[in-house]
Amino acid sequence: MPRTINIYILKEIAVPFFLSLSILTVTALLSKVIKLIDLMVSHGLGVPFAFWFVLSIIPSFLIYTIPISFLIGVLVAFTRLSSDSEITAMKASGLSLYAIMKPVAFLSLAVYAFSLSVTLYFFPWGNTRMKALLFDAARTKLVSGIDEKTFYDRFKGVVLYVDRINQKTGEMEGIFISQGSAEGNTGAAAPESTIFFANRGVFVPSEDKNSTYLKLFDGTIHREGANSAEYHLADFSSYSLELNFTGGEAPVSYMEKPNRELYFGELRDKIRLVASRGESTAPYVIDLYKRFALPSSVFVFALLGVPLGIQKVRAARFTGFSVSLSVVLAYYVTSTALEAVGENGLINPVLSVFGSDVVFGAAGLYFFYLAAKDRQVNIASVTAEAVNALLRRRKEA
């Protein structure tokens, strides 16, 4: 096949692919604009925060928009080529549909590699980065809510006093903390009380949304025991104090991060740990292999896009968009249904993840075979025949 034709077909697919990818990703981002604006206005966050916020959230959209955009690119390209009789001209010059498929397969491999890097690396990185950004925003709001030289009692069982606050870095100076024990001792004795004095302090991340940590530097701890005759004094260079918000539930200790924040190796280790406890690993296995199944849908959409795009009956050049929406809807509805069945343990979780790829991949191969033989691909008739065959087998059984 001439190199010129290969490049020509690649360009025809690349233009609608990148255009669709940009439009779909930006459209998905619009749903987060309100939250971004609220964070920037209420917390006084600047342009760097907005930049990292957008950069962190984009991978969670790309894992879906990349395969969808590739399907749109293939369908739009081959619909245009077929409507202008360019496919007919290629076949008349001796090129088969298998030869025309070569540049599509090459582009599929490139898009698959890009999509796989997103699901395996950028997706967990983005979720971890987003969590850190939101905590920094919450910490900024928390620090901004604390006034200098004023007693602050929003934390459960703790009264906080800060002499000076650096609003840019969040570092506090001249810290005084009075903390009572969460529960009194048994009997008539009074509960213990602790007083902290520290030169500096800063809030640090916590896995629990109901609590935070205040890291203190260069200070002393004064503790009076249940017996008034006891009094303890200790110096420290660094001390982390957990603070629970008033009205919050008891902190929950999570040994592991959420699945969406785990890289491939970490999620695989988590599956082994859950299995060793005798618990169901289906949801974790599905999350793991879904990171391979989503990029693999690129090959499925390539097999479906080419034969559907070169059909003789079409209303306009942009029929590819409507066909793309129908295929994508059917694919993701099937995927969601199979994953739900897999999580319930009715079928193997790996099969539930790749089931939609297998089903639609087989349909794509069949449609491509029909198109290569210059036979009309009628989805409605093929579907009806398949349903009738299943009904006949059911009656026979």
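Reading guide: rules and limits
Residues numbered from 1 in each chain as written. Predicted model: local features only at pLDDT ≥ 70, side-chain atom pairs only at ≥ 80, totals over all residues. Heavy atoms only, no water. Salt bridge = Lys/Arg side-chain N within 4 Å of Asp/Glu carboxyl O. Helix = DSSP H or I, 4+ residues; strand = E, 2+ residues; numbered from the N terminus. Buried < 20%, exposed > 50% of the residue type's maximum accessible area, 1.4 Å probe, protein only. pLDDT = per-residue confidence, 0-100. Contact = heavy atoms within 4.5 Å. Core = buried A, V, L, I, M, F, W, Y, C linked by side-chain atoms within 4.5 Å. Phe/Tyr/Trp six-rings, centres within 6.5 Å; stacked < 30°, edge-to-face > 60°. Lys NZ or Arg CZ within 6 Å of the ring centre and 35° of its normal. Axes fitted to C-alpha atoms, helices over the stretch in contact; angles between N-to-C directions. Parallel < 35°, antiparallel > 145°, perpendicular 65-115°, else oblique. Left-handed = near helix turned anticlockwise from the far one by under 90°. Nonpolar A, V, L, I, M, F, W, Y, C, P; charged D, E, K, R; others polar. Pairing = 2+ DSSP bridges.

Undergrad: What am I meant to see in the pattern of salt bridges here?
TA: When the charged atoms of two side chains with opposite charge come close together, those side chains can pair. Tallying each qualifying case throughout the model produces nine salt bridges. With a closest N to O distance of 3.5 Å, E171 and R200 form a salt bridge. With a gap of 29 residues between them, E171 in the loop between β2 (158-165) and β3 (172-180) and R200 in strand β4 (residues 193-204) connect regions that are remote in the sequence. The partly exposed category is assigned to E171, whose relative accessible area is 29%. Residue R200 is classed as partly exposed on the basis of its relative accessible area of 30%. Notably, a salt bridge pairs R272 with D269, separated by 3.6 Å at the nearest N-O pair. On the criterion of helical spacing, the pair formed by R272 and D269 is a turn pair, its members being three residues apart in helix α5 (residues 264-276). Looking at R272, the relative accessible area reads 54%, which means it is exposed. Note on D269: relative accessible area 43%, which makes it partly exposed. Salt bridges sharing common partners tie together E12, R80, D84 and E86.

Undergrad: Looking at this structure, how should I read the confidence of the model for the protein chain?
TA: Note: predicted coordinates in regions of low pLDDT should not be interpreted at a detailed level. Mean pLDDT over the protein chain: 80, with 78% of residues reaching 70 or higher. Within the model, pLDDT remains below 50 along residues 182-191, and this stretch shows seven contacts once partners closer than five positions in the same chain are excluded. Per-residue pLDDT stays below 50 along residues 246-255; that stretch engages in 15 contacts with residues further than four places along the chain or on separate chains.

Undergrad: Sorry if this is basic, but what is going on with the environment of L241 here?
TA: Mapped onto the elements of the fold, L241 is located in strand β6 (residues 231-244). L241 sits in the buried class, given a relative accessible area of 4%. What L241 contacts, discounting residues up to four positions off in sequence, is I177, Q179, F196, T212, Y213 and L214.

Undergrad: What am I meant to see in the nonpolar core here?
TA: Taken as a class, soluble globular proteins show a tendency for nonpolar side chains to be buried jointly. Formed by 47 residues in total, the largest nonpolar core has its most connected members in I13, F70, F78, V104 and V306. Mapped by element, the contributors of at least two residues to this core are α1 (3-43), α2 (47-83), α3 (86-92), α4 (97-144), α6 (282-309), α7 (319-343) and α8 (349-372). When residues in this core are grouped by element, the largest group, 13 residues, is from α2. With sequence-adjacent residues up to four places away left out, F70 is seen in contact with F17, V104, L107, S108, V111, V298 and A302.

Undergrad: Can you walk me through the packing of aromatic side chains in this structure?
TA: The description of two aromatic rings rests on the distance between their centres and on the angle between their planes. This structure, assessed with the given rule, holds 20 aromatic pairs. Between F176 and F197, the aromatic rings sit 5.4 Å apart at their centres with planes inclined by 50°, giving tilted as the arrangement. Highlighted residues: F176 in strand β3 and F197 in strand β4, separated in sequence by 21 residues. Ring centres of Y331 and Y332 lie 5.1 Å apart, and the angle between their planes is 90°; this geometry places the pair in the edge-to-face category. The exposure class of Y331 is buried, given its relative accessible area of 2%. Ring-pair connections join several aromatic residues into one group, and the members of that group are Y64, F301, Y331, Y332 and F360. Residue placement shows R129 over the ring face of W52; its charged tip is 4.7 Å from the ring centre.

Undergrad: Whenever I open this one, the packing of α5 against α6 confuses me. Can you help?
TA: Helices that pack against each other are described as a pair by the angle of their axes relative to one another and the distance between those axes. Closest axis-to-axis distance for the α5/α6 pair is 9 Å, and the angle between their directions is 155°. Judged on the interaxial angle alone, α6 and α5 are roughly antiparallel. As for the relative orientation of α5 and α6, their crossing is left-handed in sense. On the side of α5, the interface is formed by F264, L267, K270, I271 and V274, while α6 contributes Y284, V285, D287, L288, R291 and F292. Classifying every residue of the contact of α5 with α6 by side-chain character gives eight nonpolar, no polar and three charged.

Undergrad: For this particular structure, what's the right way to read the packing of α6 against α8?
TA: As a packed pair, α6 and α8 sit with axes 7 Å apart at the nearest point and diverge in direction by 5°. Viewed along their axes, α6 and α8 adopt a mutual orientation that is roughly parallel. Within the contact of α6 with α8, the residues separate by chemical class into 21 nonpolar, five polar and two charged.

Undergrad: How should unusual backbone geometry be read in this particular structure?
TA: The backbone of S85 shows a phi angle near 65°, a positive value even though the residue is not glycine. Position of S85 among the secondary structure elements: in the loop between α2 and α3. Positive phi outside glycine occurs at D218, with the angle close to 55°. In this structure, D218 sits in strand β5 (residues 211-224).

Undergrad: Any chance you could explain the environment of E224 here in plain terms?
TA: Inspection of the secondary structure puts E224 in strand β5. Take E224: its relative accessible area is 35%, and that puts it in the partly exposed class. Expressed as a C-alpha distance, the spacing of E224 and S193, which sit 31 residues apart in the sequence, is 5.7 Å.

Undergrad: Help me understand the pairing of β3 in this model?
TA: Along any regular strand, the residues point their side chains to alternate faces of the sheet. Direction of pairing for β2 relative to β3: antiparallel, over a ladder of seven bridges. By the bridge assignment, V158 is partnered in β3 with Q179. Here β3 pairs with β4 via eight bridges, running antiparallel. Each residue of the ladder has a partner; that of M172, found in β4, is G201.

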